[in-house]
Amino acid sequence: MARDVPSAVSRGGHGPAYFALLFIFWLLTGVSIYPLMWLVISSFKTSAEMFGNAWAFPESWQWGNYLKAWNAGISRYIVSSVIVTVASVILVVVLSAAASFALVVLKFRGKAIIYTAIIGGLVLPPEVSLFPLFKTLNFLGIYNTYFALILPYVAFGIPFSTFLIRAYMVKIPGELAEAAVMDGAGPFWTFWHVYIPLCRPILASAALIQAMRSWNEFIFALTFVESESVKTITIGMMSFANALRSDWAVLMAGLVISVIPIMVTFLVLQRQFIGGLTQGAVK
Amino acid sequence: MSKLEMVSVSKTFGPVKAIEDISFSVEEREFVVLVGPSGCGKSTLLRLIAGLEDISAGDLLINGTRFNAVPPAQRGLAMVFQSYALYPHMTVAENMSVGLRIARVDKAVIASKVSEVAAILQLETLLDRLPRQLSGGQRQRVAIGRAIIRDPEIFLFDEPLSNLDAALRLQMRLEIAKLHKKLDATIIYVTHDQVEAMTLADKIVVLNEGRIEQIGTPLGLYTAPRNIFVASFLGSPKMNLLPGRVTGSDSGTARIDLDIGASTPIDVKAERLSDGDRVTVGIRPESIAVGAEGSDAFLPGVVSVVEQLGGQTIVYVDIEGGSPITVIMEGLADITTGTAVKLGLPGSALHVFDDGGEAVNRIG
Ligand SMILES: Nc1ncnc2c1ncn2[C@@H]1O[C@H](COP(=O)(O)OP(=O)(O)OP(=O)(O)O)[C@@H](O)[C@H]1O
Ligand SMILES: [Mg+2]
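Parameters at a glance
Residues numbered from 1 in each chain as written. Chains lettered and ligands numbered in written order. Predicted model: local features only at pLDDT ≥ 70, side-chain atom pairs only at ≥ 80, totals over all residues. Heavy atoms only, no water. Near = heavy atom within 4 Å. Polar contact = N/O pair within 3.5 Å; in protein donor to acceptor, adjacent residues only side chain to side chain. Areas by Shrake-Rupley, 256 points an atom, 1.4 Å probe, with all protein chains shown as cover. Core = buried A, V, L, I, M, F, W, Y, C linked by side-chain atoms within 4.5 Å. Buried < 20%, exposed > 50% of the residue type's maximum accessible area, 1.4 Å probe, protein only. Contact = heavy atoms within 4.5 Å. Buried area = accessible area lost by both parts, 1.4 Å probe. Salt bridge = Lys/Arg side-chain N within 4 Å of Asp/Glu carboxyl O. Nonpolar A, V, L, I, M, F, W, Y, C, P; charged D, E, K, R; others polar. Domains from an automatic or database assignment. Helix = DSSP H or I, 4+ residues; strand = E, 2+ residues; numbered from the N terminus.

Caption draft 1: Fine view of the site of ligand 1. Residues and elements named next belong to chain B. Taken together, the residues surrounding ligand 1 are Phe-13, Ala-18, Ser-38, Gly-39, Cys-40, Gly-41, Lys-42, Ser-43, Thr-44 and Glu-159. Here an oxygen atom of ligand 1 and a backbone polar atom of Gly-41 are 3.0 Å apart. Between Glu-159 and ligand 1, the recorded distance is 3.2 Å, taken from a side-chain N or O atom to an oxygen atom. Protein chains bury 59% of the 640 Å² of accessible surface belonging to ligand 1 in isolation.

Caption draft 2: Spatial organisation of the nonpolar core. Counting 85 residues, the largest nonpolar core has Phe-240 of chain A together with Leu-4, Phe-24, Leu-34, Leu-45, Leu-156 and Ile-188 of chain B as its most contacted members. In contact with Phe-240 of chain A, other than residues within four places in its own chain, are Ala-69, Ala-72, Ile-74, Tyr-77, Val-250, Leu-251 and Gly-254 of chain A. Among the nonpolar cores identified, the runner-up in size contains 45 residues, and Val-35, Leu-123, Val-142 and Tyr-189 of chain B belong to it.

Caption draft 3: Local environment of the interface of chain B and chain A. Listed per partner, the contact involves 23 residues of chain B and 16 residues of chain A. Roughly 1,700 Å² is buried in total at the junction of chain B and chain A, and carbon and sulfur atoms are behind 65% of that figure. Counting every contact that joins chain B to chain A gives three salt bridges. One salt bridge in this structure joins Asp-183 of chain A and Arg-150 of chain B, with 3.9 Å as the shortest N-O distance. Here the residues of the side of chain B that touches chain A are counted per class, giving 15 nonpolar, four polar and four charged.

Caption draft 4: Summary view of the domain arrangement of chain A. Residues and elements named next belong to chain A. Here the domain parsing of chain A yields domain 1 (2–42) and domain 2 (66–282). Distance between the C-alpha centres of domain 1 and domain 2: 31 Å. Facing five residues of domain 1, the contacting portion of domain 2 comprises five residues. The junction of domain 1 with domain 2 conceals about 420 Å² of combined surface from both sides, 85% of it contributed by carbon and sulfur atoms.

Caption draft 5: Up close: the pattern of salt bridges. Applying the stated criterion to the full structure yields 16 salt bridges over all chains. Between Lys-3 of chain B and Glu-153 of chain B there is a salt bridge, and its shortest N-O distance comes to 2.6 Å. Of this pair, Lys-3 of chain B sits in the segment before strand E1 (4–13) while Glu-153 of chain B sits in the loop between helix H4 (136–148) and strand E7 (154–158), and the two are 150 residues apart along the sequence. Residue Lys-3 of chain B is classed as buried on the basis of its relative accessible area of 7%. Given the relative accessible area of 35%, Glu-153 of chain B is considered partly exposed. Residues Arg-272 of chain B and Asp-354 of chain B are paired through a salt bridge, measuring 3.3 Å at the closest nitrogen-oxygen approach. Of the two residues, Arg-272 of chain B is situated in the loop between strand E13 (266–269) and strand E14 (278–283) and Asp-354 of chain B in the segment after strand E20 (351–353); the sequence distance between them amounts to 82 residues. Residue classification places Arg-272 of chain B among the exposed residues on the basis of a relative accessible area of 58%. Its relative accessible area of 17% is what places Asp-354 of chain B among the buried residues. Because the salt bridges share partners, they merge into one network encompassing Lys-107 and Glu-178 of chain A together with Arg-47 and Glu-53 of chain B.

Shown next as structure tokens:
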């Protein structure tokens, strides 16, 4: 598919424009990969080596840094982050998909108002709602639990993912849902057996975006939990840094561990993600 | 009792009146075609029958029972959509069996029904393919298969052939006609293509702007259109329409002077006309004779375009002071552009319409 897309660059052979573009791409790739490389390499050094010889490869690879980081508390934060992220991703995707389906396929009054209300959430900055949310979570008795993070993440995740998924569902021909109605299907059947399978690429994208948001979220995580056992990795890294004082190389190892899960998630979902981008072209 | 009956049905979308006071009936095993120009409400009418839209006023009766409020799936109808509406992620077999699977029919029964229907439609070798791996005609057959498998009381087709190329359209048209016979099916079929309507229908319902213009058999509508709309909608090339004036009327006959001077006034059978009335005279291209012999009147003109179709020749003749007239001649006619001709108008083949476009005579 991708091969068939005519490109101004490749059609005329390898002219100067081709090499200029290639250079720019490599430059961009380098700029984005360089800090990551530095992080990974540093995490295998001793702290002394890190400051003394910032650019070189380590003299001996300090695998022990990773073990130290893991045992120093990273493991706990990772587990909290995984729980909060997985729960919020599942809830956001399921609820947004269901809301989008209702908005696109079902007939009911007040659709426009409901859609506007949901999308309105996009313009609400999370910082503004810190205090009311804090009160609410206290009132509900879930302050300092996983729910204190999951609920706000879901609430703030739904507007964008509904926006995304709805825009995709609108393009699915309405006759499919009507054919299902004629076949005796209820809305749930149509949702589950027609819309969900056809929306897989966009659901993967929404999941990926939400996963990154939940994983990297800082302000709520800082405000709504305080026990070490429920802290997520973003906040955990701060306590971690304090605890380690000056053991920078171990801290680097901890940082690498903290990005691995989200990298893996990306690699797993990106096939779907890119599939979603090219699907329209094939049809 | 009719299989299906629409009684004074109307449908409004907010301020838009899509369907206005429509009544017609469909008999058991009848092939009824709803035909009309784009936007006249054909799809809406079909969707009202299917239950995909609610009826604003009037009644839908199936086998004599009021069905207005019955959910679509329980009406015993199957619909074939214009875009096929096949589920892209399901195989042909899965697409066809959706209704049965939802109804929780036994797996073995489903399998045997699928192969039975696949055999009728020559889809046996395609059962495991996805829709995108099929040609347009094959997809259309799957869509029809999905309807047949449910063994419906009535089939609803919404412009099923409009996405196909000309050759395939002709072939599928024949297949649908055969299927109608083979299944003894009752069919309501929507199209804007008057040829499809003429060839497939037992009964045609001509729609225009949400209203019924005329109901009848294909031949009945062709030979006795009730108004100018029906007269010019059916038939290809279109009926020629010539403005004129009544110069003398007698009980049951009228003498008409065409605005573009015919050789003599024409006498036609016509009711309700009086001297001085404006009228429109219609004549089908195949009823005009080239050469004036034996005609009641003739129009002189000059041939401007000749289209040789093999079986027939279509000739366009410029008339002084009027729009060109279309003539169909049988076979490969020996006629060339620029020839001066006299077009014979047999009085018995003339349709006469009054000022409001209503027919005032009946031919045949
Ligand atoms: N959901 C709707 N809301 C508002 N108006 C509608 C709706 N559906 C149809 N209409 C209007 O009703 C009229 C009839 O539409 P319909 O689709 O039935 O026409 P059609 O005869 O099937 O035309 P075509 O040959 O183009 O398919 C049109 O004027 C259309 O704009
Ligand atoms: Mg239509």
